[in-house]
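In case you want the letters, here they are:
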Amino acid sequence: MTSLLSARGLTMHYPGSTSPALDSVDLDIVPGTSVAVMGASGSGKTTLLHCLAGILRPTTGSVMLQAGSGPVDVAAMDDAARARLRREELGFVFQQGLLLGELTALENVAVARMLAGVPRAQAEAEAQQWLAHLGLTGLEQRRLGELSGGQAQRVAIARAQVTGARLIFADEPTGALDSATSVEVLDLLLAAVATGRTLVVVTHDADVARRCGRTVVLRDGHVVSDTAAPAATAATGTETAR
Amino acid sequence: MSAPAVAAPRHAGAVATALHLAPLFARRRDSDRLATLLPVASFMVVTALLELVAGGAQAFFRWDDDLAATYQTLAVIALVLLLVPLGTVGASAARLAARRRDERLASLRLLGATTGTVTALTVLEAAATALVGALAGTVLYGATAPLLGLLHFRGEALGGQVWLPWGWLPLVVLGVTLLAAVSALAGLRAVVVTPLGVRTRQRAGTAHWVRALVAAGVLAVGLLAVQSLSLFGQMGGVVAIVGVLAGVFGAVLLAVDAIGPWVLRLRARRRARTARTVPRLLAARMTLEDPKAAWRQVSGVAMTSFVGVFGAVGLAMASYTDTADMPADERWLMHDISTGVLVTVAGSFLMVACSVGINQAATTLDRAAVHVSLDRLGVPRTVMAEATRRAVMSALWLVSGGSALCAVVLLLPLVGMAIFMQPVAVVTAAAVFAVGFGLVRGAAALSTRLVPGILARPERVL
């Protein structure tokens, strides 16, 4: 099957650092799958996610994305083009949720559509549907401070999907949640995969990785394991053959 | 190998401990440099403006002829009008200095520092920051005072008369430093410093509709009083007229200040409902977060706008009168009042612009994480910049427009006559207001220059 995202030779050097955060990483992600990226702190997993999502431009290498308009090399795009790509083609669910504290839950979701030029009434109607779908009926007018951690992550998941993004990046989406809420949030993310979306999730949590279809393990900027089966032990330091 | 020996704790006093810690806290990583420079720059601006205003006002006290007392009275009025917005700038600088140290205070508490040590360190740091800023401000005053000296009164440039007596400068520097220390102490009373962070003791203020009712009543009474000035004149002469006018001025300005945040909240709420674009929606929501703070940021211009309308109308009426038979010095007085009104309005806007610039820079740094988050989501940088600018300008329009409107209501028949008889004077005043608005808008936009620096090092804030 054609890859939705294909990274080749990804290398990332941060200024002032002697060793690369990523070193010649190759990765293919096929549509409709879930991929967990694991590794110890400093292994390069968040850097990898940022390079794949166009948040960072790698020092060398390419990231080919099958965008709506055709294949594009994310790594070769300028800042403005990458920002537009993130806004229109990708969805994000991060540990902090990246929600705006001043806005209501409904507005936080609707803003993603308004930025694409959709009239506010229509954007809010679509946002309302997604919030209802994710079990947030009645909480639409609440602001970030009035939502629990799990509810805020649901809002972030709604925002990631309302634009129709086919590829969702999640960075420690359950990192700040209790175990029961973590399960609920992961259920919702995997439900998105069941509808044909693709999920790339960076996590420390072996339970999260276990539920994903594939696990990629990084160490010192290298991929040390890429398996369909969970690789929780590798993430915690056990050697795993590729 | 044996573990290193642990020295027994020595129990030093809070001030002594703070003095030991102060040099450590004075060191900064690169990431903190901007956060440190900003309060210093703020105190620099405050000091320079204070010295310029005081220098300009005292120039008139070097005169001792027949009309000197009139000029000196007007200079004191201008001084009072300018001290109000200057106080806003000073408060902004003090708040900014306090906000920047919150995180480190919490770390100190985590290490077991006493409340006394935290308080002493806070006051020491604020005083040191203000002292450096005030010294730099005095240098800035030295560089800009010659420009103030170009102003013409009685047909001559003020020139060297605007220089403050040298002995005053250390007093101003000391005064700014002490005020910063007192503000820091007062600021600490409004927050609780815990080992896990700093939280405010109270929520953002809300405004109540009852204030609107009181304000409308005050305006109605003021209108009645102004319409009955001749009656007061018959009862108590000029003293009664001046007293009534001063009372009306003060009461109406207090009413405007009381009603302002409430009106701002109402308008922001309506705009939040009807906003069609993201920047408009964000601007309205940012205002709704704390309408009082949004109002306070630009409230310094209220008194100036109010007096500006009085001044413009008065000048228009005066210039319509036949001055051919007036002595030369009285003709100069009429002309100089016009210059004074415009300089005061311009100075007031300059100070509000400084206040807005300082506040917005602090807000941008405080919301660094939001800027990084929005960037990661692909939100164009212009969105947040436009939202910030809209939030500031919306409050400014209301402050300035509301105050001016109150003045127009009080002087209703005269305003119409002034526009009809002396449109040039009214247009000149309007032009000064327009430039002032532009200045504030520019100051609000300046803070967006900080965003690329924040986005270049996102790991600092997330």
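Residues numbered from 1 in each chain as written. Chains lettered and ligands numbered in written order. Predicted model: local features only at pLDDT ≥ 70, side-chain atom pairs only at ≥ 80, totals over all residues. Heavy atoms only, no water.

1. Here we look at the overall build of chain A
Within chain A, the regular secondary structure consists of eight helices and 10 strands. In chain A, buried positions account for 56% of the 242 residues. A sequence separation of at least 24 residues applies to 65% of the contacts in chain A between residues at least 6 apart. A total accessible area of about 9700 Å² is found for chain A, and carbon and sulfur atoms account for 52% of it. (Helix = DSSP H or I, 4+ residues; strand = E, 2+ residues; numbered from the N terminus. Buried < 20%, exposed > 50% of the residue type's maximum accessible area, 1.4 Å probe, protein only. Contact = heavy atoms within 4.5 Å. Areas by Shrake-Rupley, 256 points an atom, 1.4 Å probe, with all protein chains shown as cover.)

2. Structural notes on helix 9 (residues 278-289) of chain B
Residues and elements named next belong to chain B. Between its terminal C-alpha atoms helix 9 stretches 16 Å, which fits the 16 Å expected from 12 residues at 1.5 Å a residue. A large share of helix 9 lies buried, amounting to 10 of its 12 residues. Buried within helix 9 are the following residues: Val278, Pro279, Leu281, Leu282, Ala283, Ala284, Arg285, Met286, Thr287 and Leu288. (Expected span 1.5 Å × (residues − 1).)

3. Overview of a positive patch on the surface
All names here are of chain B. A grouping of Arg269, Arg270, Arg271, Arg273 and Arg280 is seen on the molecular surface, where their side chains present a positively charged patch. The element best represented in the positive patch is helix 8 (residues 229-274), accounting for four residues. Residue position: arginine 280 is located in helix 9. (Patch = residues over 30% accessible without salt bridge, like charges linked within 9 Å, V, L, I, M, F, W, Y side chains within 5 Å. Salt bridge = Lys/Arg side-chain N within 4 Å of Asp/Glu carboxyl O. Lys, Arg positive; Asp, Glu negative; His and termini not counted. Charge placed at Lys NZ, Arg CZ, Asp CG, Glu CD.)

4. Looking at the pattern of salt bridges
Overall, the coordinates contain 15 salt bridges over all chains when judged by the stated rule. The shortest N-O distance in the salt bridge between B:Arg285 and A:Glu107 comes to 2.7 Å. Linking B:Arg285 in helix 9 with A:Glu107 in helix 3 (residues 105-114), this pair reaches from one chain into another. Exposure class is identical for B:Arg285 and A:Glu107. Each is buried. Residues A:Asp207 and A:Arg210 are paired through a salt bridge, measuring 2.6 Å at the closest nitrogen-oxygen approach. Here A:Asp207 pairs with A:Arg210, and both are found in helix 7 (residues 206-211), just three residues apart, close to one helical turn. On the basis of relative accessibility, which here comes to 47%, the residue A:Asp207 falls in the partly exposed class. Looking at A:Arg210, the relative accessible area reads 45%, which means it is partly exposed. Each of A:Glu107, A:Arg120, A:Glu124 and B:Arg285 takes part in one network of salt bridges that share partners.

5. Section: the sheet that holds strand 2 (residues 22-29) of chain A
All names here are of chain A. Spatially, the four strands line up as an open sheet ordered 2-1-4-5, and their pairing is antiparallel. Of all the strands in the sheet, the pair left with one neighbour each is strand 2 and strand 5 (70-73). Averaged over neighbouring strand pairs, the angle between their axes works out to 15° when direction is ignored. Sheet analysis places strand 1 (residues 5-12) next to strand 2, joined by five bridges and oriented antiparallel. Pairing of alanine 7 across the sheet is with leucine 27, part of strand 2. (Pairing = 2+ DSSP bridges. Axes fitted to C-alpha atoms, helices over the stretch in contact; angles between N-to-C directions.)

6. A few points about the pairing of strand 3 (residues 34-38) of chain A
All names here are of chain A. Burial within strand 3 is extensive, with five of its five residues counted as buried. Burial along strand 3 is two-sided: the residues Ser34, Ala36 and Met38 and Val35 and Val37 are all buried. Bridge analysis of strand 3 against strand 8 (residues 198-202) gives four bridges, and the strand direction is parallel. Directly across from valine 37, in strand 8, lies its bridge partner valine 202.

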